[in-house]
Amino acid sequence: MSQTLALPRALELPGGGRLPRLGAVDAVALEGRAADLAKRSIKRESKLFALELAIRMIDLTTLEGADTPGKVRALSVKAIRPDPGDAAVPPVAAVCVYPTLVGVARRTVAGSGVKVASVATAFPSGQSAREVKLADVRSAVEAGADEVDMVIDRGAFLSGRIAQVYDEIVAVKEACGDAHLKVILETGELGTYDAVRRASLVAIAGGADFIKTSTGKVSPAATLPVTLCMLEVIRDVHDETGLVVGMKPAGGIRTAKQAIQYLCLLHETLGVDWLTPDRFRLGASSLLNDLLLQLRKQRTGIYRSPDEFTVD
Amino acid sequence: MGAVEKPRTGVAAPSAWEYASAPESREIVAFEKRYGLFIGGDHVSPRSRSWFTTLSPSTEEPLAEVAQGGPKDVALAVDAAREAFRTWSRRKPSERAKVLFRIARVLQERARELAVAESLDGGKPIKESRDVDLPLAAAHFFYYAGWADKLEYAFPGRRPRPLGVAAQIVPWNFPLLMLSWKIAPALACGNTVVLKPAETTPLTALLFADVCRQAEVPPGVVNVVTGDGATGAHLVRERGIDKVAFTGSTEVGKAIQRELAGRDVSLTLELGGKAANVVFEDCALDQAVEGIVNGIYFNQGHVCCAGSRLLVQESIHDQLVRKLKRRMATLRVGDPLDKNTDVGAINSSAQLERISELVQSGVDEGAELYQPPCRLPEKGWWFAPAVFTNVAQSHRIAREEIFGPVLSVLTFRTPDEAVEKANNTMYGLSAGVWTEKGSRILWMADRLRSGVVWGNTFNRFDPSSPFGGYKESGFGREGGRHGLEAYLRFE
């Protein structure tokens, strides 16, 4: 294959093999395809399946300056048992919090199978010294984070210092130890789908287990086209090397309908193998209650009052 | 990279996610048992006293009986149109515009009903009739409504005048959209119309007759004569016509041109195609795959401008074909009324036979056939999306129009070779170019002998953009300001 290097120097992927060609993305066609897939009409049992799957894929998130141990505890309890009225509703994939609250979350979800994810590397801007970012990561991991959501240095990326971005991801990956690494591209700041594609490849080359669209602090956050663009990179990497990389759209996904659109996009781009929380997450907070509401509706035929579901 | 080895959540991926059926309700359409001809503003029984049944190609279920227009019926329709022409052509242009605007509005209001009817009678997926055929049909009326009182500005100093009675014969692939392409500019220019819809898809044209009544189109301005090819032949032979506009096969187009030789009847023909979709190695690959799929599997490939020849630069051939085959496996073939259907039914058994015969010839000539596994319904006419690799320029599947969901993949090495191969066809209707290099798109567009060249897209239509062919793909343009010229004479 014609190989245009995504990076300033030849890089081996962690699992061996070469990067797929950098390639290009046509914005009009990409957005057209995403819009087409958003029109899939998911009904009855296929909808039940999607709602349940979406719940299992949620990284239930709170990332506020006002976060407290109490808030995180409540969220973590909800993560384990999202619907107090229905034990059949599965737990979510993870809770996602700031490093200082990892300990609280860790203790609350212990033994439940729910993971603890922590943002790190001077989230959300990433504008700190390398040592500060790495210390941030280490503190999260030491507090018990299973997963680390780092942000890339957009300042470096946009000014063409791609190697710096790459080196930092490699360093963070190392600091993560056994913790899984999700690399946030903050696509809303990258400007073009071509840049998103390039950043995705850099992140994967650096050792990302997941690539993630957004911090949720910048608008636009996750969109269907940008997610499709990243899923196509993941597909190319898998084709070329067999490497499996996960995807996490985050920010702005608030309704069950949106969640199902993301799942259709995923299903028809990467196939059923990716329909698992091991390979796909939805970064969200208010989404969960809409999924619960719709799930109840799908099972009983009745829309319940939103007050029947907990607000945490 | 741990995700490969250990499932972290202990929950394995499912084996499949089947979408439950999501059918559009057909209750919104009530077909009558039997439809007469629409002549002079009334539904009339055919003098021929003969009728035929129109079937749903997805179920073979009879939908309605339709009149078979004979020579007398055709003559009556032409007379009605000629009579109506006297007043319609002298009507204040802004008043003609109002009528066209009303048609457009009614089409929008009844869009769901007409989309369901189109999918039932023609077999195309509802998402296409709903999202493409109907919006574009309405858009054409809106667009030409705007020109009706501005003809003097469209052709300054040339004193445009209407031609008279236009005989319009439309195909079965886009029944309502093709009649809109034809009727909208004809009426805007002050002509009256006798429309002959295709034998297998007459119903939306008959519903359109009702739209005309609702929109207060004066009696006789639009007449609809249903029937088979013989009815079309009668219409072309009729002495009272001033214009023939035909969309359909090259073979019939040639016969029409022979018939009109020596007569003072103007003619536009929009015929077959064997479009090349040219993919360069620097293109946006995944989007090119989408464009290729849209180019050939849209409307089951029943598209005269379908991108049926894929010319791919050899350096990316293997990768592109791999991506294409994987994408084809996600195409959902089945019930046209299901909102998730991507590829519907083949329009008729005759067309299915033709597709099957040509595909067999491809296999016999040594090309390599791939069709993704898909469950086809038992009743109706179906053909799974197909792609041929290892195709030579000399194979029939690379030269003849298949008019079905069948793609032939050929390769090229340089831009010059791409142009040479793309132009090496009897047709010249459309072409596509996929490259990230803008200058190359323009370079190619200069050299491709086809009426339409799409850059990094395919099968995209707009009423303001002229459409038509070179060589055996016909002549004359529909759409845009150019489309007016086909319905005017200049003093």
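Sequence order sets the numbering: in each chain, residues are counted from 1 along the sequence as written. To read the labels, note that chains go from A and ligands from 1, taken in the order they are written. Reporting in this predicted model follows two pLDDT cut-offs: at least 70 for local features of residues, and 80 or more for side-chain atom pairs to be given and counted; totals over whole chains, interfaces and linings ignore these cut-offs and use all residues. Only hydrogens and water are set aside when side-chain values are computed; all heavy atoms of the structure are taken into account.

Asks: Go over the environment of Ala-329 of chain B with me, naming the residues and quoting the values.
Replies: Residue and element names in this part refer to chain B. Examined against the element boundaries, Ala-329 turns out to sit in the loop between helix H11 (317-328) and helix H12 (349-364). As a C-alpha pair, Ala-329 and Tyr-143 span 186 residues in sequence and 38 Å in three-dimensional space. Contacts: residue pairs with any heavy atoms within 4.5 Å of one another. In this structure, Ala-329 is in contact with Tyr-370 and Pro-372, ignoring residues within four places of it in sequence. Think of it this way: any DSSP run of H or I at least four residues long counts as a helix, any run of E at least two long counts as a strand, and we number them from the N terminus.

Asks: Any chance you could break down the packing of aromatic side chains for me, citing the residues and the numbers?
Replies: All names here are of chain B. For this analysis, a ring pair means two rings from Phe, Tyr or Trp (six-membered ring only for Trp) whose centres lie within 6.5 Å, classed as stacked if their planes differ by under 30 degrees, edge-to-face if by over 60, and tilted for the remaining angles. All told, the structure shown has 16 aromatic pairs over all chains when counted by the stated rule. Ring centres 5.3 Å apart and planes at 85° place the aromatic pair Trp-172 and Phe-403 in the edge-to-face group. Taken as a pair, Trp-172 in the loop between strand E7 (165-169) and helix H6 (175-188) and Phe-403 in the loop between helix H13 (396-399) and strand E16 (406-412) lie far apart in primary sequence, 231 residues in all. The pair formed by Trp-172 and Phe-403 is uniform in burial state, with each residue classed as buried. With a centroid separation of 4.7 Å and 50° between ring planes, the pair formed by Trp-454 and Phe-458 is classed as tilted. Three or more aromatic residues joined by ring pairs form one cluster here, namely Trp-181, Trp-454, Phe-458, Phe-461 and Phe-467. Note that Arg-34 overlies the ring of Trp-51, its terminal NZ or CZ placed 3.9 Å from the centroid. Look at NZ for Lys and CZ for Arg. If either is within 6 Å of the ring centre and within 35 degrees of the ring normal, a charge sits over the ring. Taking the ring centre of Phe-280 as reference, the NZ or CZ of Arg-440 above it sits at 4.7 Å. Three labels apply to residues, based on accessible area from a 1.4 Å probe with only protein chains included: buried if under 20% of the type maximum, exposed if over 50%, partly exposed otherwise in between.

Asks: Could you give me a rundown of the interface of chain B and chain A, with the residues and numbers involved?
Replies: Contacts between the two partners involve 43 residues from chain B and, on the opposite side, 47 residues from chain A. Joining two parts hides part of their accessible area as seen by a 1.4 Å probe, and the buried area is that hidden amount summed over both. Of the roughly 4000 Å² buried where chain B meets chain A, counting both sides, 49% is carbon and sulfur surface. Criterion for a salt bridge: a side-chain nitrogen of Lys or Arg within 4 Å of a carboxyl oxygen of Asp or Glu. Counting across the chain B and chain A interface gives 6 salt bridges. Close ionic contact of Asp-286 of chain B with Arg-235 of chain A constitutes a salt bridge, the shortest N to O distance being 2.7 Å. Distance and chemistry together define a polar contact, namely a pair of N or O atoms within 3.5 Å, with one atom able to donate a hydrogen and the other to accept it when in protein, and with adjacent residues in sequence counting only for side-chain atoms on both sides. Run the count over chain B and chain A and you get 15 residue pairs in polar contact (both at pLDDT 80 or more). Taken together, the elements giving at least two residues each to the side of chain B that touches chain A come down to helix H4 (126-147), helix H10 (285-297) and H11 of chain B. By residue number, the principal contributor to the side of chain B that touches chain A is H11 of chain B, which donates 5 residues.

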